[in-house]
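Notes for the structure review
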Amino acid sequence: MSVLLGKKIKVFSLSANRELAEDIAKELGVELSSCDVLHFADGEINVNINETVRGHEVFVVQPTSAPVNEHLMELLIMCDALKRASARSINLIIPYYGYSRQDRKAKSRQPISAKLVADLLQTTGASRVIAMDLHAAQIQGFFNIPIDNFFGMPILVDYFIDKHFDKNDIVVVSPDHGGVVRAREFSKVLECPIAIIDKRRPEPNKAEVMNILGNIKDKICIIVDDMIDTAGTLTAGAEALMKAGAKKVYAAATHGVLSSPATERIKNSCLEEVVITNTIKLPEEKKCDKIKVLSVGPLLGDGILKILSDEPLSGLFTYSFDDKKSE
């Protein structure tokens, strides 16, 4: 049994990203608790929890990444098992929240699937949700339980600060008008200007670059986004920046969804490097020399400690210049 700050806790990992769960457990100084995820011949899922959770603060690590429906169902079944086993609280660490892009009705007769997933998680007994860089901030309003939306920006921006670029040589680029706020926050830390790629999207996962707003000639450009899916938009944007006179193009995103053929596109692109975090497990077949993965385990571990000690989490959501200077 692990006791932290006077509270009995257990950390479980389901099948989506055990490596991240191990990083979080290491940060907390605890061992991962034991559970088995079973798959029957007809595709049904079952979960066996191999130790008591009665009266414990339980944390379950499970990004609902591909295969999203399978990972979501594992999480729902685990929640039900924990509730029936008398866990004191069920805290879901969902670094990547599947269905987050379906946060509104873009056309008539469409579902709001992000809200449906929130309802399902609450119905099965979740006490709290911890997510990272939700695609739309309003998803927090879909829940009637506490939800903490951590940001990957401090981790990503640290990586680029350590490259020691001259701030006069860099420009942070938003891949579209919707990402301007994110790009501006990134640029404030790097003390550099921003640019915007003006594009249109004729259909899902396809984009056409129309124009580039801002001065990027002879600059090192850093495209900043919340996720990279098929990388079609990203690589098209990078090519447009190079044609417009950029010196080099980097990319940074919290979630490396990397659906096929993303890795191949990145490998064959003009991008210098693509920096992502491990909110989603990166399998061997998707790895390449241009993709750099940073761990969010220490950040999420710090978040759990603050939750257990009833401390505010706001300090984890922002970049700390003082912390960086003290290193």
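The structure we're discussing is the one just above.
Let us look at the structure shown here. Nothing here was measured: the structure is a model prediction, and the numbers come from that model. (Residues numbered from 1 in each chain as written. Predicted model: local features only at pLDDT ≥ 70, side-chain atom pairs only at ≥ 80, totals over all residues. Heavy atoms only, no water.)

1. Side note on the overall build of the chain
- Within the chain, the secondary structure is distributed over 9 helices and 15 strands.
- The C-alpha radius of gyration of the chain comes to 20 Å, within 12% of the 20 Å expected for a compact globule of 327 residues.
- Taken over 327 residues, the chain has a buried fraction of 52%.
- Here the contacts in the chain between residues at least 6 apart in sequence split such that 63% fall between residues at least 24 apart.
- When the accessible surface of the chain is summed, it comes to about 15,400 Å², and 48% of that surface belongs to carbon and sulfur atoms. (Helix = DSSP H or I, 4+ residues; strand = E, 2+ residues; numbered from the N terminus. Rg over C-alpha atoms; globule rule 2.2 N^0.38 Å. Buried < 20%, exposed > 50% of the residue type's maximum accessible area, 1.4 Å probe, protein only. Contact = heavy atoms within 4.5 Å. Areas by Shrake-Rupley, 256 points an atom, 1.4 Å probe, with all protein chains shown as cover.)

2. Some thoughts on unusual backbone geometry
- With an omega of -5 degrees, the peptide bond running from Ala66 to Pro67 counts as cis.
- Here the bond from Ser260 into Pro261 is cis, since omega is 5 degrees, no more than 30 degrees from zero.
- By the secondary structure assignment, Pro261 is in the loop between β13 (248-256) and α7 (262-267).
- Positioned with a positive phi, His164 is a non-glycine residue whose angle comes to about 55 degrees.
- Inspection of the secondary structure puts His164 in the loop between α4 (153-161) and β9 (170-174).
- By relative accessible area, which is 67% here, His164 ends up exposed.
- A positive phi angle, close to 55 degrees, is found at Glu191, a residue other than glycine.
- By the element assignment, Glu191 lies in the loop between α5 (180-190) and β10 (194-203).

3. Quick word on the state of the cysteines
- Scanning all chains against the criterion turns up 0 disulfides.
- In this structure Cys79 is a free cysteine whose sulfur lies 12 Å from that of Cys35, the closest cysteine sulfur available.
- Cys288 takes part in no disulfide bond, and the closest cysteine sulfur to it belongs to Cys270, at a distance of 14 Å. (Disulfide = S-S within 2.5 Å.)

4. Re the packing of aromatic side chains
- Inspection of every chain in the model, using the stated rule, returns 5 aromatic pairs.
- When the centroid spacing of 5.6 Å and the interplanar angle of 90 degrees are considered together, the rings of Tyr159 and Phe160 count as edge-to-face. Neither Tyr159 nor Phe160 differs from the other in exposure class; each is buried.
- For the ring pair Phe160 and Phe186, a centre distance of 6.3 Å and an interplane angle of 70 degrees mean the geometry is edge-to-face. Note that Phe160 is positioned in helix α4 and Phe186 in helix α5, a separation of 26 residues in sequence. (Phe/Tyr/Trp six-rings, centres within 6.5 Å; stacked < 30°, edge-to-face > 60°.)

5. With respect to helix α8 (residues 297-308)
- Across its 12 residues, α8 extends 17 Å between first and last C-alpha, which sits within 8% of the 16 Å expected from 1.5 Å per residue.
- Listed in full, the buried residues belonging to α8 are Gly297, Leu299, Leu300, Gly301, Gly303, Ile304, Ile307 and Leu308.
- Positive backbone phi, at 60 degrees, marks Asp310, one or two positions downstream of α8. (Expected span 1.5 Å × (residues − 1).)

6. As for the nonpolar core
- Among the nonpolar cores identified, the biggest contains 47 residues, and Phe186 and Leu300 are the most heavily contacted of them.
- Non-local contacts of Leu300, meaning those with residues more than four positions away in its chain, are made with Leu20, Ile24, Ile93, Pro95, Ile130, Met132 and Phe150.
- Grouped together as the second largest cluster of nonpolar side chains are 32 residues, Phe12, Ile94, Ala126 and Ala136 included. (Core = buried A, V, L, I, M, F, W, Y, C linked by side-chain atoms within 4.5 Å.)

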